[in-house]
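# Close look at the chain arrangement
If you want the building blocks of each chain, they are given just below.
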Amino acid sequence: METSSFIASKASPINYSSTWEAPSNIALIKYWGKHEPQLPKNSSLSFTLSSSKTKTKVIFKPHPKNEIDFEFYFHGIPKPDFKAKLNSFFDRIHTFIPWIFNYRLEIHSENSFPHSSGIASSASSMAALSLCIMDLEQQLFPEIKQAYFFNKASFLARLGSGSAARSIHGPVSLWGKNKERKKSSDLYATPFGPSLNSVFHDYQDTILLVDKGSKKVSSTQGHSLMHGHPFAENRFIQATNNLSALVPIMEAGALDDFIHLVELEALSLHAMMLTSNPYFILMQPNTLAIIHKVWEFRKETSVPLCFTLDAGANVHLLYPKQNIELVHSFIKQELSCFCQNRQYLFDAVGTGAKKV
Ligand code: DP6
């Protein structure tokens, strides 16, 4: 699908209210580096989570003022500080939803995970909001097909935050044109498809909260430091090759190979940060302590436990459901001491966004 196929027509306004829940996601092949309009330099692949999610309700009221008009509430409290981010989102998407100028929007959003957990909510919140917008578009244009609905929701979410494109479908989502999937696109994410090995349908993700503060360098700043980065072009090739290698591994359920690529990707992402100019480090000493402990545990027990990292100090521990008991006691006894206030969150791979 081309960008132009996502441009809707104008339509007479109706009163409508829509509520969607969209999950957070954790990338296994990382998106790090982009160009306008929010297009990735390499394709990425992620687990869609289940418990970490955003619920958004949008009340659309007819209001022909010819400007985007909205109020934003977070956990019931008006949040005017979020307006700038939402305004730039609407600036990016209004061409594709010209009917929006006939409405006043009341946006109510809440996250299932603690606000100051260091878990980024932009992916789940942009995805949930985009789905509410598409829900109204579906009412205005009932001929819209399901595939178009979800592709456009992912397309709109991408324009809010790149990784949000992957917060629509579960259990595994791919964003960015790649040769493993004919239907893949830089414009929106697509599901991995039925060839995913069953071990990954209920894979576990425990998020160890090493640093719950806000990040010193935002993802958006980090992406922009990939422009002119001496290793950028090779990194994009590496990620592309890693994705091509990971797809058959995830079809076969080959866990040793899976672990190797997932950890390689996590450390390659942080290597880009270490070698940016200006350079920066988002890992903390406890992040490294946990990584070493995971390696020791894996060597001693042969349990296929591995880690990945996002753009922060927290560690995502990934493991098959059948290993829950051993891994949970390992986390409690040996890893919780590295977490802020001994806090960690249990999550697992989920099925994707849902209408409430
Ligand atoms: C390290 O999607 O947060 O989590 O597009 O600027 O909003 P923007 O960035 P964002 O970047 C995510 C970076 C990452 C890797 C990933 O999720 O693929």
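Here the structure is shown first, and the text comes after it.
What comes next concerns the included structure. Only a predicted model underlies this, so the values are computations on that prediction, with no experimental measurement involved. (Residues numbered from 1 in each chain as written. Predicted model: local features only at pLDDT ≥ 70, side-chain atom pairs only at ≥ 80, totals over all residues. Heavy atoms only, no water.)

### A closer look at the site of the ligand
Lining the immediate environment of the ligand, one finds 15 residues, of which Tyr-31, Lys-34, Ser-161, Gly-162 and Ser-163 sit closest. Taking Lys-34, its side chain carries an N or O atom lying 2.7 Å from an oxygen atom of the ligand. Within the backbone of Gly-162, a nitrogen or oxygen atom sits 2.8 Å from an oxygen atom of the ligand. When the ligand sits alone it has 460 Å² of accessible area, and the protein chains cover 92% of it. (Near = heavy atom within 4 Å. Polar contact = N/O pair within 3.5 Å; in protein donor to acceptor, adjacent residues only side chain to side chain. Areas by Shrake-Rupley, 256 points an atom, 1.4 Å probe, with all protein chains shown as cover.)

### What to know about helix α7 (residues 285–301)
Its 17 residues give α7 an end-to-end C-alpha distance of 24 Å, which sits within 8% of 24 Å, the value for a rise of 1.5 Å per residue. When α7 is considered as a whole, its buried residues turn out to be Thr-287, Ile-290, Ile-291, Val-294 and Phe-297. The arc that holds every buried residue of α7, seen down its axis, measures 130 degrees, which confines them to one face. Seen from the open side of α7, the exposed residues pointing more than 90 degrees away from its buried face are Pro-285, Lys-299 and Glu-300. Those residues of α7 hidden inside the fold are in contact with β10 (204–208), α6 (255–274), β11 (306–309), β12 (315–319) and α8 (324–335). Positive phi appears at Ser-302, one or two residues downstream of α7, with a value of about 65 degrees. (Helix = DSSP H or I, 4+ residues; strand = E, 2+ residues; numbered from the N terminus. Expected span 1.5 Å × (residues − 1). Buried < 20%, exposed > 50% of the residue type's maximum accessible area, 1.4 Å probe, protein only. Arc of directions from axis to C-beta. Contact = heavy atoms within 4.5 Å.)

### Digging into the packing of α7 against α8
Across the interface, α7 lies against α8 with an axial gap of 12 Å and an inter-helix angle of 135 degrees. Taken together, the axes of α7 and α8 are oblique relative to one another. In terms of crossing hand, the pair formed by α7 and α8 is right-handed. Residues Ile-290, Lys-293, Val-294 and Phe-297 of α7 form the contact with α8, whose participating residues are Leu-326, Val-327, Phe-330, Glu-334 and Leu-335. Class assignment of the residues belonging to the contact of α7 with α8 gives a composition of seven nonpolar, no polar and two charged. (Axes fitted to C-alpha atoms, helices over the stretch in contact; angles between N-to-C directions. Parallel < 35°, antiparallel > 145°, perpendicular 65-115°, else oblique. Left-handed = near helix turned anticlockwise from the far one by under 90°. Nonpolar A, V, L, I, M, F, W, Y, C, P; charged D, E, K, R; others polar.)

### Side note on unusual backbone geometry
Of the consecutive residues Glu-36 and Pro-37, the connecting peptide bond is found in the cis state with omega at -10 degrees. The topology assignment puts Pro-37 in the loop between β2 (34–35) and β3 (39–40). Cis peptide bonds are those with omega within 30 degrees of zero, and the linkage from Asn-277 to Pro-278 qualifies with 5 degrees. Take Pro-278: it is sitting in the loop between α6 and α7. With a phi angle near 65 degrees, Ser-302 is a residue other than glycine that sits in the positive phi range. Along the polypeptide, Ser-302 turns up in the loop between α7 and β11. Here the phi dihedral of Arg-342 falls at roughly 55 degrees; this positive angle occurs in a residue that is not glycine.

### Observations regarding helix α1 (residues 83–93)
Those residues of α1 that sit buried are Leu-86, Phe-89, Phe-90 and Ile-93. The arc enclosing the buried residues of α1, seen along the axis, measures out at 95 degrees, which places them on a common side. Turned more than 90 degrees away from the buried face of α1 sit Ala-84 and Asp-91, all of them exposed. On its buried face, α1 sits against β5 (69–74), β7 (103–111), α2 (122–140) and α3 (146–160).

### Description of the pairing of β10
Burial within β10 is extensive, with five of its five residues counted as buried. Burial along β10 is two-sided: Gln-204, Thr-206 and Leu-208 and Asp-205 and Ile-207, pointing in opposite directions, are all buried. Both β10 and β12 contribute to a ladder of five bridges, which runs antiparallel. Across the sheet, the residue bridging to Asp-205 is Leu-318, located in β12. Pairing of β10 with strand β13 (residues 344–348) involves five bridges; the strand directions are antiparallel. Among the inter-strand pairings, Thr-206 is bridged to a residue of β13, identified as Phe-346. (Pairing = 2+ DSSP bridges.)

### Considerations on the sheet that holds β11
Spatial ordering of the open sheet is given by β11-β12-β10-β13, a layout of four strands whose pairing is antiparallel. The open sheet terminates on both sides in strands that have one partner only, identified here as β11 and β13. Adjacent strand axes in the sheet meet at a mean angle of 25 degrees, parallel and antiparallel pairs treated alike. Of the strands in this sheet, β11 and β12 are in contact with α6, which crosses β11 at around 30 degrees. Running at roughly 155 degrees to β11, α7 makes contact with β10, β11 and β12 of the sheet.

### What to know about the layout of surface pockets
Each pocket or cavity is described by its volume, and for the second largest pocket that value is around 220 Å³. Every element with two or more residues in the lining of the second largest pocket is listed here: α3 and β9 (189–191). Tallying contributions element by element places α3 first for the lining of the second largest pocket, with four residues. (1 Å grid on protein atoms, 1.4 Å probe; cavity = no way out; pocket = protein on both sides within 12 Å on 5 of 7 lines; lining within 4 Å. Points joined across faces, edges and corners; volume = space filled by probe spheres on them.)

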